[in-house]
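Working through the structure, step by step
Next come the chains, spelled out residue by residue.
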Amino acid sequence: MSAPLLSLRHLTVDYATDRGTARAVDSVSLDVASGETVALVGESGSGKTTLALSLLGLLPEPPARVAPESRIEYQGANLAGGDNASWRRVRGREMGMVFQDPSLSLNPVLTVGSQVAEVVRTHSKCTRREATTRAAELLAMVGVDSPALRARQYAHQLSGGLRQRAMIAIALAGEPKLLIADEPTAALDVTVQAQIVELLAELRRRLGMAVLLVTHDFGLVAQMADRVVVMYAGQVAEMAPAPVVFSGAAHPYTQGLLLAARGGAGSAERRLAAIPGAPPAATAWPSACRFHPRCARAWNHCRAEAPQLERVSEGHDARCWLVSEPAGETGGRPS
Amino acid sequence: MTAGAATAALVAFAARLWTAPRARLGLLLVALLVLAAAAAPWLAPYDPSAQLDLATLQLAPPSTAHPLGTDLFSRDVLSRLLHGARISLSIAVLAVLVAVTVGTAVGLAAGYGGPVLDAVLMRVVDSGLAIPRVFLLLMVLALWERSTSLTLILVLGLTSWFPTSRLARAEALSVRRRDYVVAARALGLPSWRILLRHVLPNIAPALLVSAALGVGQIVLVEAGLSFLGVGVQPPTASWGNMIADGQTHLLAAPWLAAAPGLALVLTVIAFSVLADGLQDALNPRSS
Amino acid sequence: MTPLIQARDLVKEYPGPHGLWGGGPPVRALRGVSVAVERGETLAVVGESGSGKTTLGRCLLRLTEPGAGTVAFDGTDLLALKAEELRRWRRRAQIVFQDPGAALNPRMTIGAAVREPLIAHGIARGSDAAQRVAEALTEVGLDPTHADRYPHELSGGQKQRAVIARALILKPEFLVLDEPVSSLDVSVAAQVLNLLADLRDVRGLTYVLIAHDLRVVRHLADRVAVMYAGNVVETGPVAAIYASPRHPYTAALLSAMPVPDPTARQGHVMLRGEPPSPVSMPAGCPFEPRCPHPRKDRRCEAERPEFREIEPERRAACHYADESPAVSSWPNAPRPSSSAPA
């Protein structure tokens, strides 16, 4: 098996807040193989966006702090703790990022084409004219109609879907091998969302790109992901290939999320399955298992000791005492 | 509001500001100034108008007895400086109070009332802004025979409210679109209540910052007026007229003009720093 | 029986990009919308950006003044009410917003916010009011001690519950829910939806639910009105619409909803392009440029379809609504050749 494209080991990010230090990402380890689409799923406070930003060194260094033992290995080389120069070699060229709201991420005073061309020129030696041509090609590749015309327009003249396509073009301009997409469709209408999903799937096929999809929408996950990593309270709660997650999730949080997401589809039951309570804030993680206050199946041990991520089956890990064997049974484990 | 309640509110407010590190410096500086000014009758070693010894103490340089020297009439400069602080600061603060009150009222009416009221009021404001303030002040003061402190306060306040009204209007326009204001309308709350409890508290931070800066500005304007002889009248000490007095003796006794001049600079800086601190501290905490 | 809400031919235009005197074509948010809601019913208004659904919600409460048309509430002409009468009427109808953080005054405690309507309408004061506030908070699942907290101290779900408590304290009969859960986490959204359903059943409320997420709609709504580009294009009972949409846009919306099941066949009606901008509207059917209906023809380009009854309880604005394919047989819209996807 070839080495993964991106390998995270013990990635830990702390934030200094006026309520104390918050550990937003707690020792996360995961791999993304070449050409694979991994979905990083979680709600607010899960740490998924912080993790995504840390992969490109985009976290504001105070108040955020990536812990020294963290390893962000891209093609074998550790990026964590690197200086600006080493990040710049990777940003855009090896890893590209698409953000959630294209109207906030596009510069309103520059034409769309010039923003794409700028990235092209940053990552390859070419003339202005060549870059402009390449920018139009990229816009065409992402499905923008009349690309030469659109390249001369400004962000406010484009609709939401076109803006997001432009953002994708910018992310791809450096020909990265990994695309990090942070809620790429959250700000879009649902019919436009369907188009963007189709576009991303096509780009994956054509360019052989790996994708790290950060989202809370399981529908999107079902359409795009090969593997799913579920995050809760800064930790990985469960990690498995997509079909396994949808048919046989092991962690109660994942199960709860799926139930809430499927919500009454076709059921006569008018009541939605809801997980009680709310995701905890990073300054106040619950003790032992972080999900236990909201878990319907919590038992004694869940309140006593924090579970580790353990293998459930081939390629499927979960962090839950219902799955793994605690050392020194305290009894009371439900059957 | 009773004086006691007002002071209590002020202290509570200052305490809250203190928790924001960036506001502390400004708070300290201004507090020092205010205290020095308020305590002038006790801090000042001499009566500011007392001519101590015309024979030997005219234009005396700084010494242990007179840390800032004496002026042409052998009055102690330090004492005059402290009393002058009292006068200048109280005039400035009260004038700003007048300006902010009028400006906020006009701005709110323009920003929250209909487009017609807005248009009319803003044309008035535009005219006010178009006239250079110094001319306006000089005209008004020239027409008034004697300028008492009250006159000065009113005139300064009533000529300085125009920029505040623009600010209040802009803030009101922005706040009025926010969901919680629409919610207040939807709940059937009367307009006066919406303005008082929902709009005003949320535009207050911007107005406070503007007010803090305004105090610094008006201190300078008053000093200028006093310098020109139309502000605070002698023998009452004001930093402005002290500079005027010291102007003629600049080479022989530089401390006469330097002391009030430096005091002015420090005051303006102190209020600017406070304004900065207020800006940071007063934004409602968002995660 | 007269419906509780009866809106007819509502039109709302906003000035064009350059303001009242600068000219520029006006933005037509509503282009002649009629809806009726029976007492106790939940009508979902569904659509995407530019559909006019939010504007419709606000017009039904007269929070936005319609340019033309009528709104009748329980027989009363809403648009004829004078300012003071309107203010008093507001006790009967309330709104819940999309972003609970924005809907709460950041400088007021939750308790003060919930209490204020009681005081402003002279319903209760002092300890009586405090009592009612505590009851209201409990009813929405909040701890009464939260009354002393400020909005920024609460989570998204708690804030929305507070907004609901405030909306219900005047005991309204009718509630407009404007995307009530779209800014909440999935697990929390489910809780709030359950709460809204319970409150409706207990208090016999009438809801107009504005949403873009059809799963939310399925949960609360009895009937659905689908809006596109400032018009209602289809109405009908929830189950019927989901099973056999008559308007091609409804079919596209339904099929675009991402389903959390990788084995489900996804998106069999793919729309090209974007919703038309509210400023420029094609002459015939506004949906024609993107329409995948197999019977689409010249008539669609030239003639605007009438909003007519197809079956009992089902209306649609499509020339060929009678011939709409079964759900799984809708084809994809052809790729545009010369017309740009906007």
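Residues numbered from 1 in each chain as written. Chains lettered and ligands numbered in written order. Predicted model: local features only at pLDDT ≥ 70, side-chain atom pairs only at ≥ 80, totals over all residues.

Remarks on the overall build of chain B
A count of helical and extended segments in chain B gives 12 helices and zero strands. Its helices and strands taken in sequence order, chain B reads α-α-α-α-α-α-α-α-α-α-α-α from the N to the C terminus. When the backbone C-alpha atoms are referred to their principal axes, chain B occupies close to 75 × 45 × 35 Å. Evaluated residue by residue, chain B yields a buried proportion of 43% over its 287 residues. The long-range fraction of contacts in chain B, counting pairs at least 24 apart against all pairs at least 6 apart in sequence, stands at 69%. (Helix = DSSP H or I, 4+ residues; strand = E, 2+ residues; numbered from the N terminus. Buried ≥ 20, exposed ≤ 12 C-beta atoms within 10 Å, placed from the backbone. Contact = placed C-beta atoms within 7 Å.)

Some words on the pairing of strand E3 (residues 42-46) of chain C
Residues and elements named next belong to chain C. Counting buried residues along E3, five of its five residues qualify, which places the element largely inside the surrounding structure. By the alternation rule, side chains of E3 split into Thr 42, Ala 44 and Val 46 and Leu 43 and Val 45, which are all buried. Sheet analysis places E3 next to strand E8 (residues 206-211), joined by five bridges and oriented parallel. Looking at E8, one finds that Val 46 is bridged to Ala 211. Bridge count between E3 and strand E9 (residues 223-228): four bridges; the pairing is parallel. Each residue of the ladder has a partner; that of Leu 43, found in E9, is Arg 223. (Pairing = 2+ DSSP bridges.)

Focus on the interface of chain B and chain C
The interface of chain B with chain C comprises 18 residues on the first partner and 21 residues on the second. Of the residues forming the side of chain B that touches chain C, the biggest block, six residues, is contributed by helix H9 (residues 179-186) of chain B. For the side of chain B that touches chain C, a count of residues per class yields nine nonpolar, four polar and five charged. (Nonpolar A, V, L, I, M, F, W, Y, C, P; charged D, E, K, R; others polar.)

Some words on helix H11 (residues 248-256) of chain C
With nine of nine residues buried, H11(C) lies mostly within the body of the structure. Those residues of H11(C) that fall on the buried side of the exposure criterion are C:Pro248, C:Tyr249, C:Thr250, C:Ala251, C:Ala252, C:Leu253, C:Leu254, C:Ser255 and C:Ala256. On its buried face, H11(C) is in contact with helix H8 (190-207) of chain A together with E3, helix H9 (214-220), E9, strand E10 (231-237) and helix H10 (238-243) of chain C.

Overview of the sheet that holds strand E12 (residues 310-313) of chain A
Residue and element names in this part refer to chain A. The eight strands lie next to each other as E7-E8-E9-E3-E10-E11-E13-E12, forming an open sheet whose pairing is mixed. Edge strands, defined here as strands with exactly one partner in the open sheet, are strand E7 (95-98) and E12. The mean inter-strand angle of the sheet, taken between neighbouring strand axes irrespective of direction, is 20°. Bridge analysis of strand E11 (residues 235-241) against strand E13 (residues 316-318) gives two bridges, and the strand direction is antiparallel. Paired with Glu 238 across the strands is Ala 318, a residue of E13. In this fold helix H7 (residues 160-172) packs onto E7 and strand E8 (178-182), with an angle of close to 165° to the strand it touches most, E7. (Axes fitted to C-alpha atoms, helices over the stretch in contact; angles between N-to-C directions.)

Some words on the packing of helix H11 (residues 239-247) of chain B against helix H12 (residues 255-281) of chain B
Residue and element names in this part refer to chain B. In contact at an axis separation of 7 Å, H11 and H12 are set at 150° when each is read in the N-to-C sense. With respect to H12, the element H11 is oriented roughly antiparallel. Here the hand of the crossing between H11 and H12 comes out left-handed. Here Trp 239, Met 242, Ile 243, Asp 245, Gly 246 and Gln 247 of H11 come into contact with H12, specifically with Leu 256, Ala 257, Pro 260, Gly 261, Ala 263 and Leu 264. Counted by class, the contact of H11 with H12 contains eight nonpolar, three polar and one charged residues. (Parallel < 35°, antiparallel > 145°, perpendicular 65-115°, else oblique. Left-handed = near helix turned anticlockwise from the far one by under 90°.)

Regarding the arrangement of the chains
Comparison of the two pairs of chains in contact shows the highest number of contacts for chains A and C. In this structure chain A stays clear of chain B, and the shortest span between their C-alpha atoms is 9 Å.

So, the packing of helix H5 (residues 110-120) of chain C against helix H7 (residues 156-168) of chain C
Residue and element names in this part refer to chain C. Contact geometry of H5 with H7 gives a least axis separation of 8 Å together with a crossing angle of 20°. One way to sum up the angle between H5 and H7 is to call them roughly parallel. The interaxial crossing formed by H5 with H7 has right-handed handedness. Judged by residue contacts, Ile 110, Ala 113, Val 114 and Pro 117 of H5 engage Ala 162, Ala 165 and Arg 166 from H7. Partitioning the contact of H5 with H7 into residue classes produces six nonpolar, no polar and one charged.

Side note on unusual backbone geometry
One non-glycine residue with positive phi stands out, namely A:Ala288, at about 55°. Counting through the fold element by element, A:Ala288 comes out in the loop between helix H11 (252-262) and helix H12 (300-304).

Quick look at the domain arrangement of chain C
Domain assignment breaks chain C into domain 1 (5-227) and domain 2 (244-329). Summarising the inter-unit geometry, the C-alpha centres of domain 1 of chain C and domain 2 of chain C are found 29 Å apart. (Domains from an automatic or database assignment.)

Concerning the interface of chain A and chain C
Many descriptions give the size of an interface as the accessible area lost when the pieces come together. Between chain A and chain C, the residue contacts involve 41 residues of the former and 35 residues of the latter. Sorting the residues of the side of chain A that touches chain C by element identifies H7, H8, helix H9 (218-224), helix H10 (242-248) and H11 of chain A as the ones contributing at least two each. By residue class, the composition of the side of chain A that touches chain C is 20 nonpolar, 13 polar and eight charged.

Regarding the sheet that holds strand E4 (residues 68-73) of chain C
All names here are of chain C. Pairing is antiparallel across the open sheet formed by four strands, whose spatial order is E2-E1-E4-E5. Here the strands that pair on one side only, and so sit at the sheet edges, are strand E2 (27-37) and strand E5 (76-77). The sheet contacts of helix H2 (residues 53-60) involve strand E1 (5-14), E2 and E4, and relative to E1 the element is tilted by about 120°.

Focus on the environment of A:Met167
Residues and elements named next belong to chain A. Turning to its location among the elements, Met 167 is positioned in helix H7. As a C-alpha pair, Met 167 and Val 112 span 55 residues in sequence and 9.0 Å in three-dimensional space. When residues no more than four places from it in sequence are discounted, the contact partners of Met 167 are Val 98, Phe 99, Pro 102, Ser 105 and Leu 106.

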